[in-house]
Amino acid sequence: MNIKLAVMASGRGSNFEALVHAARTGRLHAAICMLVCDQPNAPVCSIARSYDIPVISFDEQTAGKIRAAGCNLIALAGFMRIVSPEFVRQFPGRILNIHPSLLPRFRGLHAQRQALEHHETIAGCTVHVVNSEVDSGTVIAQRVVFIKPGDTEESLSARILKEEHKLYAEAIQHYSGWLS
Ligand code: GRF
């Protein structure tokens, strides 16, 4: 399948930028058609504009705009809203998310902090299909990151983020092979 990807993000945008790089360097065979952002002043919007990728706001028209642009896959990348069941129903099996834990461990916010608080020895990141419950759809890829003695939420998050940047493009590429 030729991937036409819409990315939905709210903040910093490092995963968005990693996907753009992967697409531009041929590691991900995808056209990134648009960024959907619910925060007009978020850094991710400036990143998109710097690559001439259209930015659209998040409202009731969003699903229609994604379809009108011919996008066949949606990647949530730090999108800080829960997408509604109606939205999910319109793109069955076509919405992916990346989460900074080894799901099903540590759903929701501050997953890295949760891993430290539970004295885990491993953490990591997960790419999964989005369903109508938070961080609970089918897992399609995971990567383990070892927790080191003395790790803080910041140091662990930074190491996981590095892996996220590689994993998301790989997972999207792999998953698209299963779609028609
Ligand atoms: C990442 O840790 C991602 O796993 C989570 O939100 C964060 C987004 O970071 N869903 P960024 O905006 O991509 O830098």
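Our structure is the block above this text.
Residues numbered from 1 in each chain as written. Predicted model: local features only at pLDDT ≥ 70, side-chain atom pairs only at ≥ 80, totals over all residues. Heavy atoms only, no water.

K.L.:
Got a minute to help me understand a nonpolar patch on the surface in this structure?
P.N.:
A cluster of nonpolar residues, I122, V144 and F146, forms a patch on the protein surface that exposes about 290 Å² of accessible area. Structurally, I122 can be placed in strand β6 (residues 122-129). (Patch = residues over 30% accessible without salt bridge, like charges linked within 9 Å, V, L, I, M, F, W, Y side chains within 5 Å. Areas by Shrake-Rupley, 256 points an atom, 1.4 Å probe, with all protein chains shown as cover. Salt bridge = Lys/Arg side-chain N within 4 Å of Asp/Glu carboxyl O. Helix = DSSP H or I, 4+ residues; strand = E, 2+ residues; numbered from the N terminus.)

K.L.:
I tried to follow unusual backbone geometry on my own but got confused; where do I start?
P.N.:
Leaving glycine out, the prevailing phi sign among residues is negative, and the prevailing peptide bond configuration is trans. Here the bond from L103 into P104 is cis, since omega is 10 degrees, no more than 30 degrees from zero. When you line up the elements, P104 lands in the loop between β5 (95-99) and α5 (111-117). Residues other than glycine seldom take positive phi values, yet D52 does so here, at roughly 60 degrees. Its location among the elements puts D52 in the loop between α2 (43-50) and β3 (55-57). The exposure class of D52 is exposed, given its relative accessible area of 71%. Here the phi dihedral of H119 falls at roughly 55 degrees; this positive angle occurs in a residue that is not glycine. Here H119 lies in the loop between α5 and β6. (Buried < 20%, exposed > 50% of the residue type's maximum accessible area, 1.4 Å probe, protein only.)

K.L.:
What am I meant to see in the packing of aromatic side chains here?
P.N.:
Here a ring pair, both rings aromatic, is described through the centre-centre distance and the interplanar angle of the planes. Summed over the entire model, instances satisfying the criterion amount to three aromatic pairs. Each ring, one from F58 and one from F79, has its centre 5.0 Å from the other, and the planes form 75 degrees; the classification is edge-to-face. Residue F58 is found in the loop between β3 and α3 (62-68), and its partner F79 is found in the loop between β4 (73-76) and α4 (85-90); the two are separated by 21 residues along the sequence. By relative accessible area, F58 is classed as partly exposed at 23%. Among the aromatic residues, those joined into a ring-pair cluster are F58, F79, F87 and F91. (Phe/Tyr/Trp six-rings, centres within 6.5 Å; stacked < 30°, edge-to-face > 60°.)

K.L.:
Can you walk me through the sheet that holds β4 in this structure?
P.N.:
The strands that make up a sheet pair up through hydrogen bonds in the backbone, lying either parallel or antiparallel. In spatial order, the strands read β3-β2-β1-β4-β5-β6-β7; together these seven strands make up an open sheet with mixed pairing. The open sheet has two edge strands with one neighbour each: β3 and β7 (139-146). When the angles between neighbouring strand axes are averaged without regard to direction, this sheet yields 20 degrees. Two strands pair when backbone bridges link them, and β5 and β6 are joined in this way by four bridges, in the antiparallel orientation. Following the sheet pairing, H99 is matched in β6 by T126. (Pairing = 2+ DSSP bridges. Axes fitted to C-alpha atoms, helices over the stretch in contact; angles between N-to-C directions.)

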